[in-house]
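Structural overview
Chain by chain, the residues run as shown.
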Amino acid sequence: MSMSPAAVGPWWQSAIIYQIYPRSFQDSNGDGVGDLRGILRRLDYLVELGVDAIWLSPIYSSPMADFGYDISDYTAIDPPFGSLEDFDELLAATHDRGLKLLLDLVPNHTSDRHPWFLESRSSRDNPKRDWYIWRDPAADGGAPNNWLSEFGGSAWEFDSRTAQYYCHTFLREQPDLNWRNPQVRDAIYDVMRFWLERGVDGFRLDAIWYLLKDPQFRDNPPNPDYRPGQPPKRSLIPLYTADLPEVHDAIEEMRRVVDAFGERLLIGEIYLPLEKLVTYYGRDLRGCHLPFNFSLLVIDWQARAIARLVERYESLLPPGGWPNWVLGNHDCPRVATRIGRGQARIAAMLLLTLRGTPTIYYGDEIGMVQVPIPPERIQDPFEKNVPGLGRDGARTPMQWDPSPYAGFSTAEPWLPLAEDFRSENVENARGDPASFYHLYRRLIAVRRANPALTRGAYRPIVAENDLLLYTRELDGERILVALNLGDEPASLGFMHPLQGRVLVSNFPDRDGEIIDGRIELRPLGGLVVALSGTGAVAPGKP
Ligand code: GLC
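On a predicted model such as this, the values are computed, not experimentally measured, just so you know. (Residues numbered from 1 in each chain as written. Predicted model: local features only at pLDDT ≥ 70, side-chain atom pairs only at ≥ 80, totals over all residues. Heavy atoms only, no water.)

Within this model, the largest pocket holds a volume of roughly 1600 Å³. Lining the largest pocket are 49 residues, and of these Glu150, Trp209, Arg234, Tyr271 and Val298 lie nearest its centre. Mapped by element, the contributors of at least two residues to the lining of the largest pocket are α7 (274-277), α8 (295-298) and α9 (303-316). Grouping the amino acids of the lining of the largest pocket by side-chain chemistry returns 27 nonpolar, nine polar and 13 charged. Of the volumes computed, that of the second largest pocket is approximately 200 Å³. Lining the second largest pocket are 16 residues, and of these Phe151, Leu171, Arg172, Glu173 and Asn385 lie nearest its centre. Every element with two or more residues in the lining of the second largest pocket is listed here: β7 (156-159) and α12 (381-385). (1 Å grid on protein atoms, 1.4 Å probe; cavity = no way out; pocket = protein on both sides within 12 Å on 5 of 7 lines; lining within 4 Å. Points joined across faces, edges and corners; volume = space filled by probe spheres on them. Helix = DSSP H or I, 4+ residues; strand = E, 2+ residues; numbered from the N terminus. Nonpolar A, V, L, I, M, F, W, Y, C, P; charged D, E, K, R; others polar.)

What follows is the structure, encoded as structure tokens:
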């Protein structure tokens with residue numbers, strides 16, 4: 001008996017991950033902020049959409065200086081999100097539906113209100129002093145070196161009580177833990193075990209490429225390619241503050257922690273060039289299972305550039321390293337605004353037909369746009385420090401229905417709703433077969449039903465002008481993906497006339513269409529075609 005190829009390999013290779021930003025998914029208690037019981041209420045929506053795993057941005061106790069990425073207790077739920085009981089209920093309900101639940105782990109830093117930091121800052125000889133990164137001032141009394149914070153300004157904050165500076169890669173309210181201290185490592189591994197024992201299926205490791213810093217605290221060199229308008233941090237090359245070789249040892253240790261619990265998943269948040277990114281699979285694949293591949297967030301949206309990217313990524317992957325693709329997240333402008341709604345439909349087809357685990361950011365499946373935030377409603381500390389770079393616009397409430405607060409809440413939400421939420425919402429999308437939502441659903445269903453789309457090899461066919469064609473091939477099953485990124489219709493001939501049937505298109509009237517000879521694409525149209533012949537797929541005359 002042969003096993004279904006889709007079932008080969010660990011669950012996360014054939015899974016589709018869905019990121020929830022908990023503050024904005026569903027409010028259940030009318031305070032304008034999303035919560036765990038809200039997510040519980042919407043689980044069946046995720047089942048209907050067809051995703052397999054949910055990743056929750058942080059839900060732990062936090063003063064919310066960086067909306068949960070500043071943690072004051074790693075093993076408690078922040079009250080506005082609910083309680084540990086609510087969490088257990090959510091986890092059980094998730095598992096009951098056959099879904100996995102991933103948490104966001106923030107090991108690089110805590111909140112400045114975390115008891116560890118309160119102790120650490122209390123005196124130079126406190127036993128937890130060395131849990132954080134403390135340095136004497138420079139000779140002139142200023143910061144110990146030139147390191148910059150991700151959110152603007154120096155990465156050093158002076159603490160007058162003990163007359164030393166502490167290091168913070170992000171906000172001053174987010175002091176960096178000292179990962180050269182084994183006690184710190186053990187404390188975080190205990191946190192991981194706490195959640196793994198409760199049953200979570202893995203973690204997304206926040207800011208993991210920053211975890212270790214130069215033990216000599218050398219200055220970062222200036223970046224000659226820096227252009228004004230880029231985040232200020234980019235004015236230096238992070239030679240001594242990011243991607244240090246020792247980070248891989250720490251990730252391997254984390255991996256051993258999760259591996260002790262069976263098939264759990266470690267995803268790494270890593271913003272590095274591809275050739276560096278792939279090193280995060282680790283020596284002998286003992287690092288992150290999935291170092292997040294963010295290339296599609298920044299790519300120049302052109303057929304040739306996309307094809308080059310896919311081929312480069314495929315060629316750089318270590319043997320056995322499993323690819324993954326991300327189209328949006330809570331730190332980056334919405335895809336429907338980055339490239340426009342029409343292109344975002346093509347992007348959905350790409351995301352769900354490329355080789356590798358796809359991650360969908362909540363709301364992208366209904367085409368949510370980046371929402372302009374009036375100055376008085378700005379929440380993101382990054383925007384407050386460096387205007388123009390804020391992330392609030394991609395974190396607005398999920399648009400469920402046309403009711404006053406979009407079905408998200410019964411009160412004014414913490415961030416404004418998109419202006420078009422009365423037309424662009426789940427309820428309306430459900431009733432419209434041509435909606436974004438149904439495109440996502442159909443793509444997910446087709447991906448699930450066709451192992452070639454999950455496990456098949458990627459083979460480039462055409463990347464010219466606005467056309468991008470590739471096949472996914474497995475055990476004689478061949479699926480052609482044909483995408484037209486342009487505003488003109490396109491007609492493509494092949495050396496051997498193509499035979500096949502359309503599995504899914506962004507124009508639903510084409511689903512099921514028989515292909516016999518040429519491929520005709522509408523403007524901004526895409527087709528996923530199950531090929532029936534065995535002839536080589538090569539563009540050409542007829
Ligand atoms: C990661 C998160 C981001 C957060 C930062 C600091 O980049 O994705 O939202 O602000 O880490 O924890």
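This brings us to the domain arrangement of the chain. For the chain, the assigned domains read domain 1 (11-110 + 180-444), domain 2 (115-167) and domain 3 (457-532). Here the C-alpha centre of domain 3 lies 31 Å away from the C-alpha centre of domain 1. Taken residue by residue, the interface counts 23 residues in domain 1 and 25 residues in domain 3. Summed over both partners, the interface of domain 1 with domain 3 buries about 1900 Å², with 68% contributed by carbon and sulfur atoms. On the domain 1 side of the contact with domain 3, Ile346, Met349 and Arg442 bury the most area, a combined 28% of that side's loss. Applying the counting rule to domain 1 against domain 3 returns one salt bridge. Where arginine 442 meets aspartate 511, a salt bridge forms, and the shortest distance between an N and an O atom there is 2.6 Å. Taken together, domain 1 and domain 3 are joined by six residue pairs in polar contact (both at pLDDT 80 or more). When residues of the side of domain 1 that touches domain 3 are traced back to their parent elements, those giving at least two are α9, α11 (341-351) and α14 (436-449). For the side of domain 1 that touches domain 3, the class distribution of residues is 13 nonpolar, four polar and six charged. (Domains from an automatic or database assignment. Contact = heavy atoms within 4.5 Å. Buried area = accessible area lost by both parts, 1.4 Å probe. Salt bridge = Lys/Arg side-chain N within 4 Å of Asp/Glu carboxyl O. Polar contact = N/O pair within 3.5 Å; in protein donor to acceptor, adjacent residues only side chain to side chain.)

This part takes up the sheet that holds strand β6 (residues 134-135). Reading across the sheet, the three strands line up as β6-β8-β7 and stay open at both edges, with antiparallel pairing between neighbours. One side of each edge strand has no neighbouring strand; the edge strands of this open sheet are β6 and β7. Pairing analysis gives four bridges linking β7 to strand β8 (residues 164-167), with the strands arranged antiparallel. From the neighbouring strand, tryptophan 156 faces β8, where its bridge partner is cysteine 167. (Pairing = 2+ DSSP bridges.)

Take the packing of helix α5 (residues 182-198) against helix α6 (residues 247-259) next. At a closest axis distance of 10 Å, the pairing of α5 and α6 adopts a crossing angle of 30 degrees. Considered as vectors, α5 and α6 are oriented roughly parallel to each other. Of the two elements, α5 crosses α6, and the hand of that crossing is right-handed. Of the residues in α6, those in contact with Arg185, Tyr189, Met192, Arg193 and Leu196 of α5 are Asp249, Ala250, Glu253, Met254, Val257 and Val258. (Axes fitted to C-alpha atoms, helices over the stretch in contact; angles between N-to-C directions. Parallel < 35°, antiparallel > 145°, perpendicular 65-115°, else oblique. Left-handed = near helix turned anticlockwise from the far one by under 90°.)

Take the site of the ligand next. Neighbouring the ligand are 13 residues, the closest being Asp66, Asp206, Glu269, His330 and Asp331. For the ligand, an oxygen atom lies 2.9 Å from a polar atom in the side chain of arginine 204. Take glutamate 269: an N or O atom from its side chain is 2.8 Å from an oxygen atom of the ligand. Its free accessible area being 300 Å², the ligand has 96% of it covered by the protein chains. With respect to the pocket detection grid, the ligand is positioned in the largest pocket. Across the shell around the ligand, the residue classes tally to three nonpolar, three polar and seven charged. (Near = heavy atom within 4 Å. Areas by Shrake-Rupley, 256 points an atom, 1.4 Å probe, with all protein chains shown as cover. Sits in = over half its atoms within 2 Å of the grid points.)

A word on the side chain of histidine 168. One can find histidine 168 in the loop between β8 and α5. Exposure remark for histidine 168: the relative accessible area of 4% places this residue in the buried category. Within polar-contact distance, the side chain of histidine 168 engages the backbone oxygen of phenylalanine 170 at 2.7 Å. Engagement of the side chain of histidine 168 in a polar contact is seen with the backbone nitrogen of arginine 172, the distance being 3.4 Å. When sequence neighbours within four positions are dropped, the list of residues in contact with histidine 168 reads Ser149, Ser154, Ala155, Trp156, Glu157, Gln174, Pro175 and Asp176. (Buried < 20%, exposed > 50% of the residue type's maximum accessible area, 1.4 Å probe, protein only.)

Let's shift gears to the side chain of glutamate 383. When you line up the elements, glutamate 383 lands in helix α12. Buried charge glutamate 383 goes without a salt bridge, the closest partner of opposite sign being arginine 391 at 8.3 Å. What glutamate 383 contacts, discounting residues up to four positions off in sequence, is Ile378, Gly388, Leu389 and Gly390. (Lys, Arg positive; Asp, Glu negative; His and termini not counted.)

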